[in-house]
Amino acid sequence: MERYDLVYRLYDEYDTATLREYQEFVDVFPAVDSRVALEHWQEATEELEARKNEIRADFAAGETFAEVASWADRDQAFTALDLEAKYGRAVNVLVLDVDETLRSAGGTDNEIPRETLHVLTEFHEAGVPIVICTGQTLENVKGFAIQGLGSEIVHSGNLSIVYEAGTGVFTPGHGADTKQLLYEDLDEEIRAVFDDVRSRVLPEAPEELRRGCHLQGNEFNITMKPNYETGSADARAVIDEALVYLVDLLADAVGSALELNGNGDGETEISDETVVDWTRAFYADQDPEIRAVLESEGVYPDREADEVPARLADTLERIDVAYYEADAAEIGSLELNKVVGVERAFDVLGIDDPFALVMGDSKSDLRVMEWVEENDAGIAAAPEHASRDTLEHVLETDELVFDRGKSVDVLRTVYALNRLARLGDSR
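Residues numbered from 1 in each chain as written. Predicted model: local features only at pLDDT ≥ 70, side-chain atom pairs only at ≥ 80, totals over all residues. Heavy atoms only, no water.

What follows is about the packing of aromatic side chains. If you walk through the whole model with that rule in mind, you get 11 aromatic pairs. Here the aromatic rings of Tyr14 and Phe59 are separated by 6.2 Å at their centres, their planes lie at 45°, and the arrangement is tilted. Separated by 45 residues along the polypeptide, Tyr14 in the loop between helix H1 (3-13) and helix H2 (16-28) and Phe59 in the loop between helix H3 (35-58) and helix H4 (62-71) bring together distant segments of the chain. Phe59 shares its class with Tyr14; the two are buried. Between Trp71 and Tyr415, the ring centres sit 4.3 Å apart and the planes meet at 25°, which makes this aromatic pair stacked. Of the two residues, Trp71 sits in helix H4 while Tyr415 sits in helix H18 (residues 407-425), which places them 344 residues apart along the sequence. Assigned by exposure class, Trp71 and Tyr415 land together as buried. Through successive ring pairs, a cluster of aromatic residues spans Tyr4, Tyr8 and Phe78. Against the face of Phe220 rests Arg198, its NZ or CZ located 6.0 Å from the ring centre. When the ring centre of Tyr324 is taken as reference, the NZ or CZ atom of Lys363 above it lies at 5.7 Å. (Phe/Tyr/Trp six-rings, centres within 6.5 Å; stacked < 30°, edge-to-face > 60°. Helix = DSSP H or I, 4+ residues; strand = E, 2+ residues; numbered from the N terminus. Buried < 20%, exposed > 50% of the residue type's maximum accessible area, 1.4 Å probe, protein only. Lys NZ or Arg CZ within 6 Å of the ring centre and 35° of its normal.)

Below, the structure is given as structure tokens:
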């Protein structure tokens, strides 16, 4: 009998919903010092095993189908079957964004749900490496990773943290390769621009912007975050202002580095305002969201991107200006992005033939998704509120879109995929 028929039978003939309720209760039962509660947990464990044993006894690959039924609902199981039929292999590494992916300010009170953490623990125990890939600082990520997953997993040698969107990679347990500062490989000119912007970004900011924003404690990237709740109207307003300010400050720093400010070309003097306008035009052409902010703030330049001098454009093409609505405005290096960080993490972890699940919501995550698609190296998933381009990519590939705060749904689907792929290996 074909596996699709077997899965139809599994979900038609067995009370899989109750089975999953028992599994979830047993898995995430809180540690309490209560004899009554522990007896209840023991009874649930015995009932769970009895229900699994019925499936084990009724299917040739009973262990696989019992695990699939206890972890995935009907839709997730059939999605897993479709993925296995399409790709013919299991996921062998997880690449996971954090904010608005594993956790959500609007859906999980900005905490990674216990259910999600438990599923990640199951992947770890199955030998699947985890790469946390985020724009956050290393110290922030290490803190919640240890708190949520435990020090043993974080320091197992099978977990890596790509932080600040690819400027550094931290893989505990790998000796000299444990921490790699990728930004140190950039040339002096680019590092000088970042040093200039960083030294001036807060001291020279307008007073209202200084009150409304703070600088994230990055090692290299320059990220302005709101002093208001992420996603709020106040956060949106201050981040829009911060984006304009960062673009203009970057223009001045690059103009100084290239000695453009105030210099002439023949009889034409290049003013500071002209360099700013060119820089605004360049990034507006690169990103429609940046263009929309410049227009709404009334500072969209009366210039076209093709007017930007080659010397200036060559440098700007190496610097990324990122806008995250009501969340952050950031300057980073395009030579250091999440793809570069993920590739380095794979090298350290010894993943030579990756087939990754990439989960994320932003443009920086989209680059990793596109990279794995181009290299037949994985699948992509995104929350329903992801950036437009990210969501379009996911919908055009495998349609792995999940509700806000419900990344666990995709993780359960992939868990089922990995179990079903074992059956494919035995054919």
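Continuing now.
Evaluation of the coordinates by the stated rule reveals 35 salt bridges. Residue Lys179 is joined to Glu219 by a salt bridge in which the shortest nitrogen-to-oxygen separation is 3.1 Å. You can see Lys179 sitting in strand E5 (residues 179-181) and its partner Glu219 sitting in the loop between strand E6 (213-215) and strand E7 (222-226), a full 40 residues away along the chain. Notably, a salt bridge pairs Asp195 with Arg198, separated by 3.6 Å at the nearest N-O pair. Highlighted residues: Asp195 and Arg198, both in helix H9 (residues 188-200), separated by three residues, approximately one helical turn. Connected through shared salt-bridge partners, Asp196, Arg200, Glu204 and Asp252 make up one network. (Salt bridge = Lys/Arg side-chain N within 4 Å of Asp/Glu carboxyl O.)

Our next topic: the nonpolar core. Soluble, globular proteins show a tendency: their nonpolar side chains are buried together. Counting residues in hydrophobic clusters, the biggest one holds 73 residues, and the most contacted among them are Val95, Leu250, Leu312, Ile319, Ile331 and Phe346. In terms of residues, this core owes the most to one element, helix H11 (residues 233-257), which gives 13 residues. For this core, the domains that each give at least three residues are domain 2 (86-184 + 336-425) and domain 3 (187-333). Each residue touching Val95, except ones within four places of it in the same chain, is listed here: Val131, Cys133, Val342, Phe346, Ala356, Leu357, Val358, Met359 and Val368. (Core = buried A, V, L, I, M, F, W, Y, C linked by side-chain atoms within 4.5 Å. Domains from an automatic or database assignment. Contact = heavy atoms within 4.5 Å.)

Along its sequence, the protein is organised into domain 1 (3-71), domain 2 (86-184 + 336-425) and domain 3 (187-333). Taken over C-alpha atoms, the centre of domain 1 sits 27 Å from the centre of domain 2. Residue-level contacts link 14 residues of domain 1 with 12 residues of domain 2. Together domain 1 and domain 2 conceal approximately 1300 Å² of surface at their shared face, both sides included; 65% is due to carbon and sulfur atoms. Between domain 1 and domain 2 we count zero salt bridges in total. Our count for the contact surface shared by domain 1 and domain 2 stands at five residue pairs in polar contact (both at pLDDT 80 or more). Broken down by secondary-structure element, the contributors of at least two residues to the side of domain 1 that touches domain 2 are H2 and H4. Its residues placed into classes, the side of domain 1 that touches domain 2 shows seven nonpolar, two polar and five charged. (Buried area = accessible area lost by both parts, 1.4 Å probe. Polar contact = N/O pair within 3.5 Å; in protein donor to acceptor, adjacent residues only side chain to side chain. Nonpolar A, V, L, I, M, F, W, Y, C, P; charged D, E, K, R; others polar.)

In this section: the sheet that holds strand E11 (residues 328-333). Within the open sheet, the four strands sit side by side as E6-E7-E11-E10. Their pairing is antiparallel. The open sheet has two edge strands with one neighbour each: E6 and strand E10 (319-324). When strand polarity is set aside, the average angle formed by the axes of neighbouring strands in this sheet is 20°. Note that E7 and E11 share three bridges and pair antiparallel. Bridge pairing links Thr223 to Glu330 in E11. Most of the contacts of H9 go to E11, to which it runs at about 155°, and overall it touches E7, E10 and E11. (Pairing = 2+ DSSP bridges. Axes fitted to C-alpha atoms, helices over the stretch in contact; angles between N-to-C directions.)

Another point: the side chain of Asp287. In this fold, Asp287 is placed in the loop between helix H12 (272-286) and helix H13 (288-296). Judged by its relative accessible area of 8%, Asp287 falls in the buried class.

Turning next to the packing of H12 against H13. For the pair H12 and H13, the least separation of the axes is 5 Å and the interaxial angle reads 130°. Comparing the axis directions of H12 and H13 gives the class oblique. Residues Arg280, Tyr283, Ala284 and Gln286 of H12 form the contact with H13, whose own contacting residues are Pro288, Ile290, Arg291 and Leu294. (Parallel < 35°, antiparallel > 145°, perpendicular 65-115°, else oblique.)

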